[in-house]
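# Descriptive analysis of the structure
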Amino acid sequence: MANPDRRDAVTDGLHLIVDALKLNGLDTIFGVVGIPITDLARLAQAEGLKYFGFRHEQSAGHAAAIAGYLTQWPGVCLTVSAPGFLNGLPSLANATVNGFPMIQISGSSDRAIVDLQQGDYEELDQMNAAKPFVKAAYRVNRPEDIGIGVARAIRAATSGRPGGVYLDLPADVLSAVIDKDQGTRSLVEVVDAIPKQPPAPEAIERALDLLAKAKRPLVVLGKGAAYAQADADIARFIEETGVPFLPMSMAKGLLPDNHPQSVEAARSFALAHADVAVLIGARLNWLLAHGKPPHWSPDVQFVQFDIQPTEIDSNRPIAAPVVGDIASSIKALLLALKPGRLPAWTEWRDAIEPQKQKHIADMAARLAADPRPMDFYGALGAVRAVLADKPDVFVVSEGANTLDVGRNVIDMALPRKRLDSGTWGVMGVGMGYAIGAAVVSGQPVVAVEGDSAFGFSGMEIETICRYRLPIVVVILNNGGVYRGDDVNRGGDGAPAVTALSLHGRYDKLIEAFGGTAYNVADPDALTQALSEALAAGAPAIINCAIDPTAGTESGHIGSLNPKSAVSS
Ligand code: ADP
């Protein structure tokens, strides 16, 4: 038994956690302090870790998740017990669904009291509450297990398909004292946390055989491909084969959006006519209409590159699965790709081109229209123009119309620069993603937000200003969820269910914390404000007053919104 009076000979749970994080290169924490983890955050900061304090755990969690996505190493979110833990949980679940490596560490109450439900301060069985939503959940019950607990969390978060891991730290473990040597020996430095998983050679051969028979092939790049950071090899495969490709929204920029082989502008045509689709780190989920008709040909055959074996055959039969990590798999593919093995697909490319050019011309006309008052295209066209020669700027995007129109309007030229609502189509990621991206990269961020979406994390404006982060928040403000012109169907004079403050001045919020405020109502003023704000490299909000009648219900996915068959 360690003697707590001999300070130099003992250590405690708080120190062991910090030591374990440091040993494994987890050098940044996003969190909200309180009982029982305030001293843990203080100690982490004293020991040289970077701590970013948020106003709400969900935003801290989103920051951690996106840090994980960008660095391939878990982002760490630190929360207090029960309510703080629950506030962080949606972001941990969102990280899991999107395949981002993240660890949420929460302090928790006395196990003996929690398990007998005797009513402790912030009593909750957090580990079991977390389990359905995460890739793994662990609790550390003894200080000497902290090292192994952190190691397990890192491995679970990063290996295979990455995801969210919950690590529960009861308060008594944080203060528990053990012998210093024993503590040091208990720490674990994770070796080869993300082992290469090369695919079987026959899987590569099968994929190439199928591709060789294709008349109308299409490569779909998903955020798994972006995550893998195999950018040069993926570009080489696309360019050496001449195959048309479609980037999913967070894979935009893996190859530049203006690449001649990109079929983004002819998406529906390419999906409907492809006879062999090669999915690289993209799931056949709702975002790809589950691979089914009428969006896809009933006869299309699939090649799927994925690290998760159970993803194969999840929606449509996969004729050629390539299970392995994308970096190793694309390398193996390139090695097996001998000159002349694949056809040139000239006819198919010629068929796509007019479709693509037509949509590009339509978009150019829409962007040139400049309606007054400003609409989504007018505002997003201005953002597009300002960012055209600034490929390093991250674009965070959320909101219904803001997200959907923005995906089509704002071109990306570099990988992993577009961060958006992702697999769930979730709102509320905005400020967390913006902060996480700015922190891990040091690069500027433009967060393009609908006024409704911004509200979910708006208080983090104070966080952005406190840390003086280079984040410009552009709020497309039409005064409502979807639109600002809906009416109350009940006639009691209350606002409509989709209503938000019409003509609200979101820019005023940032003035309270020393940031720069802009209020604009036309594309020229937006262009000027955004250029100026980016040049300043400091926190700013640009409130863009747009037409309250602009926008459609649920953006581009209105078909998912059930309507009554009986009432009008
Ligand atoms: P998108 O939404 O862009 O279509 P998804 O999130 O649906 O992308 O799909 C990403 C897929 O990529 C997941 O099925 C995941 O298992 C896979 N993935 C993630 N990282 C890797 C990797 N390093 N190697 C192989 N597959 C990966």
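Computed from a prediction, not measured in an experiment: that's the story for all the values here. (Residues numbered from 1 in each chain as written. Predicted model: local features only at pLDDT ≥ 70, side-chain atom pairs only at ≥ 80, totals over all residues. Heavy atoms only, no water.)

Right, let's talk about the domain arrangement of the protein for a bit. In terms of domain boundaries, the protein breaks down into domain 1 (4-186), domain 2 (201-349) and domain 3 (370-560). A straight line from the C-alpha centre of domain 1 to that of domain 3 covers 32 Å. In total, domain 1 and domain 3 occlude about 1,900 Å² of area from one another, counting both sides; carbon and sulfur atoms represent 68% of this. Viewed at the interface, domain 3 and domain 1 are joined by 1 salt bridge. Ionic pairing is found between Arg55 and Glu462, a salt bridge with its closest N-O pair at 3.1 Å. For the side of domain 1 that touches domain 3, the secondary structure elements donating two or more residues are strand E2 (28-31), strand E3 (50-53), helix H3 (57-71) and helix H4 (82-98). The element that contributes the greatest number of residues to the side of domain 1 that touches domain 3 is H3, accounting for 8 residues. (Domains from an automatic or database assignment. Buried area = accessible area lost by both parts, 1.4 Å probe. Salt bridge = Lys/Arg side-chain N within 4 Å of Asp/Glu carboxyl O. Helix = DSSP H or I, 4+ residues; strand = E, 2+ residues; numbered from the N terminus.)

What characterises a pair of aromatic rings is the spacing of the ring centres plus the angle enclosed by the ring planes. Tallying each qualifying case throughout the model produces 9 aromatic pairs. Here the aromatic rings of Tyr69 and Phe100 are separated by 4.9 Å at their centres, their planes lie at 45 degrees, and the arrangement is tilted. A residue pair is termed long-range when its members are at least 10 positions apart, and Tyr69 in helix H3 and Phe100 in the loop between H4 and strand E5 (102-108) qualify at 31 residues. Judged on exposure class, the residue Tyr69 and its partner Phe100 are both buried. Considering the side-chain rings of Phe454 and Tyr506, the 5.8 Å spacing of their centres and the 85 degrees angle between planes classify their relative orientation as edge-to-face. Here Phe454 is found in helix H19 (residues 451-455), whereas its partner Tyr506 is found in the loop between strand E17 (471-477) and helix H21 (507-511), with 52 residues between them in sequence. Residues Phe454 and Tyr506 agree in their burial class; the two are buried. Three or more aromatic residues link up through ring pairs in this structure, and these residues are Phe30, Phe52, Phe54 and Tyr467. Across from the ring centre of Tyr377, 4.0 Å away, lies the NZ or CZ of Arg366, which sits over that ring. Seen from the ring of Phe394, Lys417 lies directly overhead, with NZ or CZ sitting 3.9 Å from the centre. (Phe/Tyr/Trp six-rings, centres within 6.5 Å; stacked < 30°, edge-to-face > 60°. Buried < 20%, exposed > 50% of the residue type's maximum accessible area, 1.4 Å probe, protein only. Lys NZ or Arg CZ within 6 Å of the ring centre and 35° of its normal.)

This part takes up empty space enclosed by the protein. This model, assessed by the stated rule, comprises 1 cavity of 30 Å³ or more. Mapped by element, the contributors of at least two residues to the lining of the largest cavity are helix H10 (201-213) and strand E12 (301-306). Residues of the lining of the largest cavity, tallied by class, amount to 7 nonpolar, no polar and no charged. (1 Å grid on protein atoms, 1.4 Å probe; cavity = no way out; pocket = protein on both sides within 12 Å on 5 of 7 lines; lining within 4 Å. Points joined across faces, edges and corners; volume = space filled by probe spheres on them. Nonpolar A, V, L, I, M, F, W, Y, C, P; charged D, E, K, R; others polar.)

Our next topic: the sheet that holds strand E9 (residues 217-221). Reading across the sheet, the 5 strands line up as E10-E9-E11-E12-E13 and stay open at both edges, with parallel pairing between neighbours. The strands lining the two open edges of the sheet, one partner per strand, are strand E10 (245-247) and strand E13 (320-323). For this sheet the average axis-to-axis angle between neighbouring strands, irrespective of direction, equals 15 degrees. By the bridge criterion, 5 bridges tie strand E11 (residues 276-280) to E12 in an arrangement that is parallel. Bridged to Val276 within E12 is Gln301. Strands in contact with H10 are E9, E11, E12 and E13; relative to E13, the strand with the most contacts, it is inclined by about 140 degrees. (Pairing = 2+ DSSP bridges. Axes fitted to C-alpha atoms, helices over the stretch in contact; angles between N-to-C directions. Contact = heavy atoms within 4.5 Å.)

Burial analysis of E9 places 5 of its 5 residues in the buried class, which makes it a mostly covered element. Residues Pro217, Val219 and Leu221 line one face of E9 and the alternating positions Leu218 and Val220 line the opposite face, and both faces are buried. In the sheet, E9 pairs with E11 via 5 bridges, with the strands oriented parallel. Residue pairing in the sheet places Val219 in a bridge with Val278 of E11. Relative to E10, E9 runs parallel, the two sharing 3 bridges. Among the inter-strand pairings, Leu221 is bridged to a residue of E10, identified as Pro247.

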